[in-house]
Amino acid sequence: QVQLVESGGGLVQPGGPLRHSCAACISMFSFYTMGWYRQAPGKQRELVATITTSGRTNYAESVKGRFTISRDNAKNTVYLQMNSLKPEDTAVYYCNADNIIVTRSYWGQGTQVTVSS
């Protein structure tokens, strides 16, 4: 029922920026903690960043200082600004919505981000 539509993935050169977006078709968007996860080939899915309803953020150590998560509750959208990209950032990135009132989580379809020269 809930849809998370991701956009902004693609091919980018090392060191370059990329902005990833997730538009959430969700009622009561402000009730959800939003996040980004990624899964690289041969590796488990890992947390990239989360942002609470009040704007508190959390980042994986590997992306801290390079990535920024933000949200626009009026647009039901969460963003991931990725700077200083490295080949190690290559992965499928997934948007996540976690309801803070009830135990429910939803996932986007996943988009490929490839960092290569």
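Residues numbered from 1 in each chain as written. Predicted model: local features only at pLDDT ≥ 70, side-chain atom pairs only at ≥ 80, totals over all residues. Heavy atoms only, no water.

Novice: Looking at this structure, I do not really get the sheet that holds strand 3 (residues 18-25). What am I missing?
Specialist: One key point about sheets: their strands pair by backbone hydrogen bonds, in either a parallel or an antiparallel sense. Spatially, four strands are ordered 1-3-8-7 in an open sheet, and the strand pairing comes out antiparallel. With one partner strand each, in any of the chains shown, strand 1 (3-7) and strand 7 (67-72) form the two edges of the open sheet. Strand-to-strand twist of the sheet, defined as the mean angle between neighbouring strand axes without regard to direction, takes the value 15°. Inspection of the sheet shows strand 1 paired to strand 3 by five bridges, in the antiparallel sense. Directly across from glutamate 6, in strand 3, lies its bridge partner cysteine 22. (Pairing = 2+ DSSP bridges. Helix = DSSP H or I, 4+ residues; strand = E, 2+ residues; numbered from the N terminus. Axes fitted to C-alpha atoms, helices over the stretch in contact; angles between N-to-C directions.)

Novice: Can you walk me through a nonpolar patch on the surface in this structure?
Specialist: Residues Met28, Phe31, Ile100, Ile101 and Val102 make up a contiguous nonpolar surface patch of roughly 480 Å² in combined accessible area. Looking at the secondary structure, you find valine 102 in the loop between strand 9 (91-99) and strand 10 (105-107). (Patch = residues over 30% accessible without salt bridge, like charges linked within 9 Å, V, L, I, M, F, W, Y side chains within 5 Å. Areas by Shrake-Rupley, 256 points an atom, 1.4 Å probe, with all protein chains shown as cover. Salt bridge = Lys/Arg side-chain N within 4 Å of Asp/Glu carboxyl O.)

Novice: Is there a simple way to think about the pattern of salt bridges in this case?
Specialist: Side-chain pairs of opposite charge can arise where the charged atoms are in close proximity. Scanning the model with the defined rule gives four salt bridges in all. Across the salt bridge formed by arginine 38 and glutamate 46, the nearest N and O atoms sit 2.8 Å from each other. Of the residues examined, arginine 38 reaches a relative accessible area of 5% and is grouped as buried. On the accessibility criterion, glutamate 46 (35% relative accessible area) is partly exposed. Taking the shortest distance from any N to any O, the salt bridge between arginine 38 and aspartate 89 comes out at 3.0 Å. (Buried < 20%, exposed > 50% of the residue type's maximum accessible area, 1.4 Å probe, protein only.)

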